[in-house]
Protein chains: 2
Amino acid sequence: MKKMEDKILAEGEILSGGVLKVGSFLNQQIDTVFMKEIGEEIASLYKDDEITKILTIEASGIPIAVSAGFAMNLPVVYAKKNKSSNISGDVYSTVVQSFTHGNKNNVIVNKEFISPDDRILIVDDFLAHGSALTGLIEIVEMAGATVVGCVAAIEKGFQMGGDRLREKGYRIESLAIIEEMDDTEIVFREQ
Amino acid sequence: MKKMEDKILAEGEILSGGVLKVGSFLNQQIDTVFMKEIGEEIASLYKDDEITKILTIEASGIPIAVSAGFAMNLPVVYAKKNKSSNISGDVYSTVVQSFTHGNKNNVIVNKEFISPDDRILIVDDFLAHGSALTGLIEIVEMAGATVVGCVAAIEKGFQMGGDRLREKGYRIESLAIIEEMDDTEIVFREQ
(Lines give C-alpha, C1' and ligand atoms only; values in the text may rest on other atoms or scores of the structure.)
Protein backbone atom coordinates (compact mmCIF):
# COMPACT_ATOMS: atom_id res chain seq x y z
CA MET A 1 0.00 0.00 0.00
CA LYS A 2 1.84 3.02 -1.34
CA LYS A 3 0.05 5.39 1.03
CA MET A 4 1.25 3.44 4.08
CA GLU A 5 4.86 3.83 2.88
CA ASP A 6 4.29 7.56 2.29
CA LYS A 7 2.77 8.00 5.76
CA ILE A 8 5.71 6.21 7.40
CA LEU A 9 8.17 8.42 5.53
CA ALA A 10 6.24 11.60 6.30
CA GLU A 11 5.29 10.99 9.93
CA GLY A 12 7.30 8.03 11.27
CA GLU A 13 10.09 8.67 13.73
CA ILE A 14 13.00 6.28 14.24
CA LEU A 15 14.10 5.89 17.84
CA SER A 16 17.15 4.06 19.15
CA GLY A 17 17.01 0.27 19.19
CA GLY A 18 15.18 -0.02 15.87
CA VAL A 19 11.89 1.31 17.22
CA LEU A 20 9.69 3.03 14.63
CA LYS A 21 7.25 5.47 16.20
CA VAL A 22 4.01 5.95 14.27
CA GLY A 23 1.94 7.29 17.16
CA SER A 24 0.80 10.32 15.19
CA PHE A 25 -1.44 8.29 12.87
CA LEU A 26 -1.50 4.58 13.79
CA ASN A 27 -1.16 3.70 17.42
CA GLN A 28 -1.83 6.48 19.81
CA GLN A 29 -3.43 9.09 17.65
CA ILE A 30 -5.48 7.58 14.85
CA ASP A 31 -5.91 9.36 11.55
CA THR A 32 -9.43 8.06 10.94
CA VAL A 33 -9.52 9.06 7.27
CA PHE A 34 -6.38 7.01 6.63
CA MET A 35 -7.59 4.24 8.98
CA LYS A 36 -10.72 3.85 6.81
CA GLU A 37 -8.49 3.35 3.77
CA ILE A 38 -6.50 0.71 5.68
CA GLY A 39 -9.74 -1.17 6.39
CA GLU A 40 -10.78 -1.01 2.75
CA GLU A 41 -7.34 -2.23 1.61
CA ILE A 42 -7.57 -5.22 3.99
CA ALA A 43 -11.11 -5.96 2.76
CA SER A 44 -9.90 -5.93 -0.82
CA LEU A 45 -6.94 -8.25 -0.10
CA TYR A 46 -9.24 -10.89 1.45
CA LYS A 47 -12.45 -10.27 -0.49
CA ASP A 48 -12.62 -13.78 -2.00
CA ASP A 49 -11.71 -15.72 1.12
CA GLU A 50 -15.01 -16.13 2.95
CA ILE A 51 -13.67 -14.74 6.22
CA THR A 52 -16.17 -15.06 9.08
CA LYS A 53 -14.36 -13.13 11.82
CA ILE A 54 -11.41 -10.81 12.42
CA LEU A 55 -9.09 -11.42 15.37
CA THR A 56 -6.60 -8.95 16.82
CA ILE A 57 -4.88 -8.18 20.12
CA GLU A 58 -5.31 -5.20 22.43
CA ALA A 59 -4.65 -2.35 22.25
CA SER A 60 -3.02 -1.09 19.08
CA GLY A 61 -4.48 -3.78 16.82
CA ILE A 62 -8.05 -2.74 17.66
CA PRO A 63 -8.44 0.33 15.41
CA ILE A 64 -7.19 -1.64 12.39
CA ALA A 65 -9.42 -4.63 13.14
CA VAL A 66 -12.47 -2.41 13.67
CA SER A 67 -11.84 -0.58 10.41
CA ALA A 68 -11.45 -3.87 8.53
CA GLY A 69 -14.56 -5.20 10.28
CA PHE A 70 -16.52 -2.14 9.15
CA ALA A 71 -15.32 -2.56 5.56
CA MET A 72 -16.07 -6.30 5.52
CA ASN A 73 -19.20 -6.27 7.72
CA LEU A 74 -17.63 -8.85 10.02
CA PRO A 75 -17.43 -9.18 13.79
CA VAL A 76 -14.12 -8.41 15.46
CA VAL A 77 -12.64 -10.18 18.47
CA TYR A 78 -9.68 -8.86 20.39
CA ALA A 79 -7.43 -10.98 22.54
CA LYS A 80 -6.67 -9.54 25.96
CA LYS A 81 -3.26 -9.36 27.60
CA ASN A 82 -2.96 -10.49 31.17
CA LYS A 83 0.03 -10.84 33.43
CA SER A 84 -1.67 -13.13 35.89
CA SER A 85 -0.81 -16.82 35.84
CA ASN A 86 -4.32 -17.62 36.98
CA ILE A 87 -6.17 -18.49 33.76
CA SER A 88 -9.66 -19.98 33.90
CA GLY A 89 -10.87 -22.88 31.79
CA ASP A 90 -13.29 -20.93 29.63
CA VAL A 91 -10.56 -19.16 27.66
CA TYR A 92 -7.96 -20.07 25.08
CA SER A 93 -4.60 -18.71 26.18
CA THR A 94 -0.99 -18.64 25.16
CA VAL A 95 2.11 -16.69 26.18
CA VAL A 96 3.48 -13.93 23.98
CA GLN A 97 6.83 -12.22 24.41
CA SER A 98 7.06 -8.52 23.63
CA PHE A 99 10.49 -7.51 22.37
CA THR A 100 9.54 -3.81 22.45
CA HIS A 101 8.44 -3.88 26.08
CA GLY A 102 10.76 -6.67 27.22
CA ASN A 103 8.01 -8.61 28.98
CA LYS A 104 5.70 -11.59 28.58
CA ASN A 105 1.92 -11.59 28.60
CA ASN A 106 -0.74 -14.22 28.64
CA VAL A 107 -2.92 -13.67 25.62
CA ILE A 108 -6.50 -14.71 26.19
CA VAL A 109 -9.66 -15.15 24.12
CA ASN A 110 -12.95 -16.30 25.56
CA LYS A 111 -13.80 -19.71 24.10
CA GLU A 112 -17.31 -18.66 23.09
CA PHE A 113 -15.93 -16.18 20.54
CA ILE A 114 -14.13 -18.64 18.21
CA SER A 115 -15.83 -21.74 16.88
CA PRO A 116 -14.40 -24.55 14.72
CA ASP A 117 -16.26 -23.38 11.61
CA ASP A 118 -14.77 -19.87 11.80
CA ARG A 119 -12.47 -18.72 8.99
CA ILE A 120 -10.32 -16.15 10.75
CA LEU A 121 -8.36 -13.17 9.48
CA ILE A 122 -5.76 -12.03 12.02
CA VAL A 123 -4.68 -8.37 11.98
CA ASP A 124 -2.21 -6.31 13.96
CA ASP A 125 -0.37 -3.01 13.69
CA PHE A 126 3.22 -4.29 13.71
CA LEU A 127 4.85 -7.54 12.61
CA ALA A 128 8.48 -7.79 13.74
CA HIS A 129 9.62 -11.03 15.38
CA GLY A 130 6.13 -12.41 14.86
CA SER A 131 5.37 -13.34 18.45
CA ALA A 132 1.94 -11.72 18.64
CA LEU A 133 0.78 -13.19 15.33
CA THR A 134 2.16 -16.59 16.28
CA GLY A 135 0.23 -16.44 19.56
CA LEU A 136 -2.99 -15.49 17.80
CA ILE A 137 -2.49 -18.28 15.23
CA GLU A 138 -2.04 -20.76 18.10
CA ILE A 139 -5.29 -19.60 19.69
CA VAL A 140 -7.25 -19.97 16.43
CA GLU A 141 -5.81 -23.45 15.93
CA MET A 142 -6.57 -24.44 19.56
CA ALA A 143 -10.19 -23.58 18.76
CA GLY A 144 -10.08 -25.83 15.69
CA ALA A 145 -10.84 -22.85 13.44
CA THR A 146 -9.04 -21.91 10.22
CA VAL A 147 -6.41 -19.19 9.92
CA VAL A 148 -7.12 -17.82 6.45
CA GLY A 149 -4.37 -15.24 6.67
CA CYS A 150 -2.86 -12.32 8.52
CA VAL A 151 -2.41 -8.64 7.84
CA ALA A 152 0.09 -6.35 9.51
CA ALA A 153 -0.07 -2.62 8.89
CA ILE A 154 3.73 -2.42 9.09
CA GLU A 155 6.18 -5.30 8.88
CA LYS A 156 9.80 -4.99 9.89
CA GLY A 157 11.16 -7.39 7.29
CA PHE A 158 14.63 -7.40 8.81
CA GLN A 159 13.29 -8.94 12.03
CA MET A 160 12.19 -11.99 10.04
CA GLY A 161 8.96 -12.89 11.82
CA GLY A 162 6.86 -12.43 8.69
CA ASP A 163 9.11 -14.53 6.48
CA ARG A 164 9.26 -17.32 9.06
CA LEU A 165 5.45 -17.47 9.10
CA ARG A 166 5.33 -17.41 5.28
CA GLU A 167 7.77 -20.32 5.19
CA LYS A 168 5.38 -22.26 7.40
CA GLY A 169 2.70 -21.73 4.76
CA TYR A 170 0.66 -18.90 6.30
CA ARG A 171 -0.58 -16.13 4.07
CA ILE A 172 0.90 -12.94 5.53
CA GLU A 173 0.06 -9.62 3.89
CA SER A 174 1.72 -6.46 5.14
CA LEU A 175 0.64 -3.04 3.98
CA ALA A 176 4.27 -1.88 4.08
CA ILE A 177 7.41 -3.96 4.63
CA ILE A 178 10.50 -2.20 5.92
CA GLU A 179 13.52 -4.04 4.58
CA GLU A 180 16.16 -1.84 6.18
CA MET A 181 16.06 1.09 8.52
CA ASP A 182 18.68 3.30 10.12
CA ASP A 183 18.68 6.78 11.66
CA THR A 184 18.44 8.48 8.31
CA GLU A 185 16.75 6.12 5.88
CA ILE A 186 13.92 3.60 5.50
CA VAL A 187 14.03 1.14 2.61
CA PHE A 188 10.80 -0.70 1.74
CA ARG A 189 10.55 -4.18 0.22
CA GLU A 190 9.03 -4.17 -3.26
CA GLN A 191 5.64 -5.91 -3.23
CA MET B 1 -30.40 4.79 22.53
CA LYS B 2 -33.18 2.21 22.57
CA LYS B 3 -31.06 -0.29 20.67
CA MET B 4 -28.33 -0.19 23.34
CA GLU B 5 -30.92 -1.07 25.99
CA ASP B 6 -32.26 -3.89 23.81
CA LYS B 7 -28.76 -5.27 23.22
CA ILE B 8 -27.99 -5.22 26.96
CA LEU B 9 -31.24 -7.05 27.71
CA ALA B 10 -30.69 -9.59 24.93
CA GLU B 11 -26.97 -10.28 25.31
CA GLY B 12 -25.76 -8.84 28.62
CA GLU B 13 -24.91 -11.17 31.47
CA ILE B 14 -24.97 -10.13 35.11
CA LEU B 15 -22.14 -11.57 37.20
CA SER B 16 -21.70 -11.38 40.95
CA GLY B 17 -20.52 -8.07 42.39
CA GLY B 18 -22.60 -5.96 40.03
CA VAL B 19 -20.50 -6.74 36.96
CA LEU B 20 -22.37 -6.54 33.67
CA LYS B 21 -20.72 -8.61 30.94
CA VAL B 22 -21.26 -7.33 27.41
CA GLY B 23 -18.29 -9.08 25.83
CA SER B 24 -20.40 -10.57 23.06
CA PHE B 25 -20.98 -7.22 21.33
CA LEU B 26 -19.10 -4.38 23.03
CA ASN B 27 -15.81 -5.17 24.67
CA GLN B 28 -14.25 -8.41 23.58
CA GLN B 29 -16.25 -9.31 20.54
CA ILE B 30 -17.44 -6.29 18.60
CA ASP B 31 -20.65 -6.36 16.63
CA THR B 32 -19.41 -3.98 13.93
CA VAL B 33 -22.86 -3.33 12.47
CA PHE B 34 -24.08 -2.17 15.88
CA MET B 35 -20.78 -0.38 16.58
CA LYS B 36 -21.31 1.72 13.43
CA GLU B 37 -24.71 2.78 14.76
CA ILE B 38 -23.08 3.71 18.09
CA GLY B 39 -20.63 5.96 16.23
CA GLU B 40 -23.45 7.61 14.30
CA GLU B 41 -25.46 8.17 17.48
CA ILE B 42 -22.47 9.85 19.14
CA ALA B 43 -21.91 11.99 16.03
CA SER B 44 -25.53 13.09 16.12
CA LEU B 45 -25.41 13.98 19.85
CA TYR B 46 -22.42 16.29 19.33
CA LYS B 47 -23.01 17.45 15.76
CA ASP B 48 -23.25 21.15 16.64
CA ASP B 49 -20.34 21.30 19.06
CA GLU B 50 -17.32 21.83 16.83
CA ILE B 51 -15.40 18.92 18.32
CA THR B 52 -11.81 18.73 17.03
CA LYS B 53 -10.69 15.42 18.55
CA ILE B 54 -12.01 12.34 20.33
CA LEU B 55 -10.18 10.99 23.39
CA THR B 56 -10.60 7.56 24.93
CA ILE B 57 -8.62 5.05 26.99
CA GLU B 58 -7.27 1.67 26.02
CA ALA B 59 -8.50 -0.93 25.36
CA SER B 60 -12.29 -1.19 25.42
CA GLY B 61 -12.92 2.47 24.66
CA ILE B 62 -11.06 2.25 21.35
CA PRO B 63 -13.74 0.61 19.14
CA ILE B 64 -16.30 3.21 20.25
CA ALA B 65 -13.91 6.11 19.73
CA VAL B 66 -12.87 4.84 16.29
CA SER B 67 -16.47 4.40 15.22
CA ALA B 68 -17.35 7.92 16.41
CA GLY B 69 -14.21 9.23 14.70
CA PHE B 70 -15.28 7.59 11.44
CA ALA B 71 -18.76 9.09 11.71
CA MET B 72 -17.43 12.56 12.58
CA ASN B 73 -14.27 12.53 10.42
CA LEU B 74 -12.17 13.38 13.45
CA PRO B 75 -8.86 12.07 14.76
CA VAL B 76 -8.96 9.77 17.78
CA VAL B 77 -6.41 9.64 20.60
CA TYR B 78 -6.30 6.89 23.17
CA ALA B 79 -4.71 7.20 26.56
CA LYS B 80 -2.43 4.33 27.54
CA LYS B 81 -2.41 2.55 30.88
CA ASN B 82 0.90 1.98 32.55
CA LYS B 83 1.80 0.53 35.92
CA SER B 84 5.28 2.00 36.03
CA SER B 85 5.91 4.98 38.28
CA ASN B 86 8.53 6.21 35.84
CA ILE B 87 6.71 8.78 33.70
CA SER B 88 8.64 11.00 31.31
CA GLY B 89 8.08 14.72 30.88
CA ASP B 90 6.63 14.59 27.39
CA VAL B 91 3.31 13.09 28.52
CA TYR B 92 0.28 14.19 30.50
CA SER B 93 -0.46 11.60 33.16
CA THR B 94 -2.81 10.95 36.02
CA VAL B 95 -3.71 7.97 38.20
CA VAL B 96 -6.96 6.07 37.66
CA GLN B 97 -8.39 3.49 40.01
CA SER B 98 -10.19 0.51 38.48
CA PHE B 99 -12.95 -0.81 40.71
CA THR B 100 -13.54 -3.77 38.38
CA HIS B 101 -9.91 -4.88 38.42
CA GLY B 102 -9.07 -3.57 41.90
CA ASN B 103 -5.89 -1.85 40.77
CA LYS B 104 -4.48 1.56 39.87
CA ASN B 105 -2.97 2.61 36.58
CA ASN B 106 -1.14 5.64 35.35
CA VAL B 107 -3.05 6.99 32.40
CA ILE B 108 -0.85 8.68 29.86
CA VAL B 109 -1.26 10.80 26.74
CA ASN B 110 1.62 12.13 24.72
CA LYS B 111 1.65 15.95 24.98
CA GLU B 112 1.88 16.41 21.22
CA PHE B 113 -1.61 14.94 20.73
CA ILE B 114 -3.65 17.50 22.69
CA SER B 115 -3.26 21.23 22.14
CA PRO B 116 -4.91 24.15 23.96
CA ASP B 117 -7.22 24.94 21.03
CA ASP B 118 -8.64 21.38 20.95
CA ARG B 119 -12.32 20.88 21.73
CA ILE B 120 -12.39 17.33 23.02
CA LEU B 121 -15.10 14.71 23.17
CA ILE B 122 -14.26 11.95 25.65
CA VAL B 123 -15.75 8.49 25.08
CA ASP B 124 -15.58 5.18 26.94
CA ASP B 125 -17.49 1.92 27.10
CA PHE B 126 -18.56 2.03 30.78
CA LEU B 127 -19.23 4.82 33.23
CA ALA B 128 -19.61 3.55 36.79
CA HIS B 129 -17.73 5.38 39.56
CA GLY B 130 -16.40 7.76 36.93
CA SER B 131 -12.70 7.32 37.62
CA ALA B 132 -11.63 6.79 34.00
CA LEU B 133 -13.64 9.76 32.70
CA THR B 134 -12.40 11.93 35.57
CA GLY B 135 -8.81 10.99 34.69
CA LEU B 136 -9.34 11.81 31.02
CA ILE B 137 -11.00 15.14 31.91
CA GLU B 138 -7.97 15.98 34.09
CA ILE B 139 -5.62 15.24 31.20
CA VAL B 140 -7.57 17.45 28.78
CA GLU B 141 -7.59 20.27 31.31
CA MET B 142 -3.85 19.85 32.02
CA ALA B 143 -3.34 20.46 28.30
CA GLY B 144 -5.42 23.63 28.50
CA ALA B 145 -7.93 22.19 26.03
CA THR B 146 -11.73 22.19 26.35
CA VAL B 147 -13.80 19.20 27.46
CA VAL B 148 -16.93 19.65 25.36
CA GLY B 149 -18.55 16.53 26.75
CA CYS B 150 -18.37 12.82 27.39
CA VAL B 151 -20.18 9.76 26.07
CA ALA B 152 -20.37 6.38 27.76
CA ALA B 153 -21.90 3.47 25.93
CA ILE B 154 -23.30 2.14 29.21
CA GLU B 155 -23.64 4.04 32.48
CA LYS B 156 -24.30 2.32 35.79
CA GLY B 157 -26.43 5.09 37.26
CA PHE B 158 -26.49 3.48 40.69
CA GLN B 159 -22.72 3.88 41.01
CA MET B 160 -23.15 7.66 40.78
CA GLY B 161 -20.03 8.61 38.80
CA GLY B 162 -22.08 10.08 35.94
CA ASP B 163 -24.30 12.18 38.17
CA ARG B 164 -21.32 13.50 40.14
CA LEU B 165 -19.73 14.70 36.90
CA ARG B 166 -23.03 16.25 35.74
CA GLU B 167 -23.27 18.13 39.03
CA LYS B 168 -19.82 19.57 38.33
CA GLY B 169 -21.21 20.94 35.08
CA TYR B 170 -19.85 18.46 32.55
CA ARG B 171 -22.10 17.29 29.74
CA ILE B 172 -22.31 13.52 30.13
CA GLU B 173 -24.34 11.55 27.61
CA SER B 174 -24.80 7.83 28.08
CA LEU B 175 -26.36 5.65 25.42
CA ALA B 176 -28.04 3.57 28.13
CA ILE B 177 -28.21 4.27 31.88
CA ILE B 178 -28.84 1.34 34.20
CA GLU B 179 -30.69 2.63 37.23
CA GLU B 180 -30.97 -0.69 39.04
CA MET B 181 -29.70 -4.16 38.39
CA ASP B 182 -29.99 -7.47 40.20
CA ASP B 183 -29.63 -11.11 39.17
CA THR B 184 -32.92 -11.15 37.34
CA GLU B 185 -33.70 -7.63 36.21
CA ILE B 186 -32.21 -4.51 34.69
CA VAL B 187 -34.08 -1.20 35.01
CA PHE B 188 -33.03 1.65 32.73
CA ARG B 189 -33.28 5.35 33.54
CA GLU B 190 -35.72 7.21 31.27
CA GLN B 191 -33.81 9.67 29.06
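Model, not experiment: these values are computed from the prediction.

Description of the interface of chain A and chain B
Contacts between chain A and chain B engage 34 residues on the former and 34 residues on the latter. For the pairing of chain A and chain B, the buried interface totals around 2,800 Å² over both sides, and the portion due to carbon and sulfur atoms is 58%. Where chain A meets chain B, there are 2 salt bridges. Lys-21 of chain B serves as the salt-bridge partner of Glu-112 of chain A, at 3.8 Å between the closest nitrogen and oxygen. Our count for the contact surface shared by chain A and chain B stands at 14 residue pairs in polar contact (both at pLDDT 80 or more). Looking at the side of chain A that touches chain B, the elements that each hand over two or more residues are α2 (23-27), β3 (29-30), α3 (32-45), α4 (62-72), β5 (76-82) and β7 (103-110) of chain A. Looking at the side of chain A that touches chain B element by element, the count peaks at 6 residues for α4 of chain A. Along the lines of polarity and charge, the residues of the side of chain A that touches chain B split into 17 nonpolar, 11 polar and 6 charged.

Regarding the environment of Val-107 of chain B
Residues and elements named next belong to chain B. Within the secondary structure, Val-107 is located in strand β7 (residues 103-110). Take Val-107: its relative accessible area is 1%, and that puts it in the buried class. Among residues more than four places away in sequence, those in contact with Val-107 are Ile-57, Ala-79, Lys-80, Tyr-92, Ser-93, Thr-94, Val-96, Leu-136 and Ile-139.

Topic: unusual backbone geometry
Residue and element names in this part refer to chain A. In this structure, Ala-59 follows Glu-58 across a cis peptide bond, with omega equal to -10°. Along the chain, Ala-59 turns up in the loop between β4 (53-57) and α4. Its identity as a non-glycine residue notwithstanding, Asn-73 has a phi of 55°, on the positive side. Relative to the assigned elements, Asn-73 resides in the loop between α4 and β5. For Asn-73, a relative accessible area of 51% puts it in the exposed group.

Looking at the packing of aromatic side chains
The way to describe two aromatic rings as a pair is by their centre distance and the angle between their planes. Considering all chains together, one arrives at 3 aromatic pairs over all chains under this definition. Note on Phe-70 of chain A and Phe-70 of chain B: the rings are 5.8 Å apart at their centroids and 75° apart in plane angle, and the pair reads as edge-to-face. On the criterion of chain membership, the pair formed by Phe-70 of chain A in helix α4 and Phe-70 of chain B in helix α4 (residues 62-72) is interchain, its members lying in two chains. Sitting over the ring of Tyr-46 of chain A, Arg-171 of chain A keeps its end group 3.9 Å from the ring centre.

Some remarks on a negative patch on the surface
All names here are of chain A. Where like charges cluster on the molecular surface, the negative patch consists of Glu-180, Asp-182, Asp-183 and Glu-185. Topologically, Asp-182 is positioned in the loop between β10 (172-181) and β11 (186-188). Asp-182 sits in the partly exposed class, given a relative accessible area of 40%.

Some words on the nonpolar core
If you look at the biggest cluster of nonpolar residues, it comprises 78 residues, and the most contacted ones within it are Met-4 and Ile-154 of chain A together with Met-4 and Ile-154 of chain B. Ignoring anything within four residues of it in the chain, the contact list for Ile-154 of chain A reads Met-4, Ile-8, Leu-20, Val-22, Leu-26, Asp-125, Phe-126, Leu-127, Ala-176 and Ile-178 of chain A.

Some remarks on the relation of the copies chain A and chain B
Superposing chain A onto chain B takes a rotation of 180° combined with a translation of 0.0 Å along the rotation axis, leaving an RMSD of 0.0 Å. Both copies are brought into coincidence by an operation consistent with a two-fold rotation axis. Rotation axis and chain A: the residue whose C-alpha lies nearest the axis is Ala-59 of chain A, separated from it by 2.6 Å. Interface overlap between copies: 100% of the residues of chain A at the interface are likewise at the interface in chain B, consistent with a symmetric, same-surface contact.

Conventions and cut-offs
Residue numbers run consecutively from 1 along every chain, following the written order of its sequence. Numbering of ligands from 1 and lettering of chains from A proceed in the order in which they are written. Given that the model is predicted, a residue must reach a pLDDT of at least 70 before its local features are reported, and side-chain atom pairs must reach 80 or more before they are shown or counted; all residues, however, enter totals for whole chains, interfaces and linings. Each side-chain value is derived from all of the structure's non-hydrogen atoms; neither hydrogens nor water enter the calculation. Only heavy atoms matter for contacts: two residues are in contact if any of them lie within 4.5 Å across the pair. Summed over both partners, the accessible area (1.4 Å probe) lost when two parts come together is defined as the buried area. Just to be clear on terms, a salt bridge is a Lys or Arg side-chain nitrogen sitting within 4 Å of an Asp or Glu carboxyl oxygen. Under the rule applied, a polar contact is a pair of N or O atoms within 3.5 Å (in protein, one hydrogen donor and one hydrogen acceptor; residues adjacent in sequence only if both atoms are side-chain atoms). Only DSSP runs of H or I reaching four residues or more are called helices, and only runs of E reaching two or more are called strands; each is numbered from the N terminus. Under the convention adopted here, Pro, Cys and the residues Ala, Val, Leu, Ile, Met, Phe, Trp and Tyr are nonpolar, Asp, Glu, Lys and Arg are charged, and Gly plus all remaining residues are polar. Relative accessibility thresholds used throughout: buried, under 20% of the residue-type maximum; exposed, over 50%; partly exposed, between the two (1.4 Å probe, protein chains only). To pair, rings of Phe, Tyr and Trp, with the six-membered ring standing in for Trp, must have centres within 6.5 Å; the planes then decide the type, stacked if under 30 degrees apart, edge-to-face if over 60, and tilted in the middle. Each ring is checked for a lysine NZ or an arginine CZ that lies within 6 Å of its centre and within 35 degrees of its normal; such an atom marks a charge sitting over the ring. Each patch is built from residues that are more than 30% exposed by relative accessible area and take part in no salt bridge. Like charges join if they lie within 9 Å; nonpolar side chains (Val, Leu, Ile, Met, Phe, Trp, Tyr) join within 5 Å. A 1.4 Å probe and the Shrake-Rupley method give the accessible areas. Residues count as covered only by the protein chains that appear here. Here Asp and Glu are counted as negative and Lys and Arg as positive; His is not counted, and neither are the chain ends. Just so you know, the charge point we use is NZ for Lys, CZ for Arg, CG for Asp and CD for Glu. In these notes, a set of buried Ala, Val, Leu, Ile, Met, Phe, Trp, Tyr and Cys residues joined through side-chain atoms within 4.5 Å is what counts as a nonpolar core. The least-squares superposition of copies is restricted to C-alpha atoms, and to residues with a pLDDT of at least 70 in both copies.

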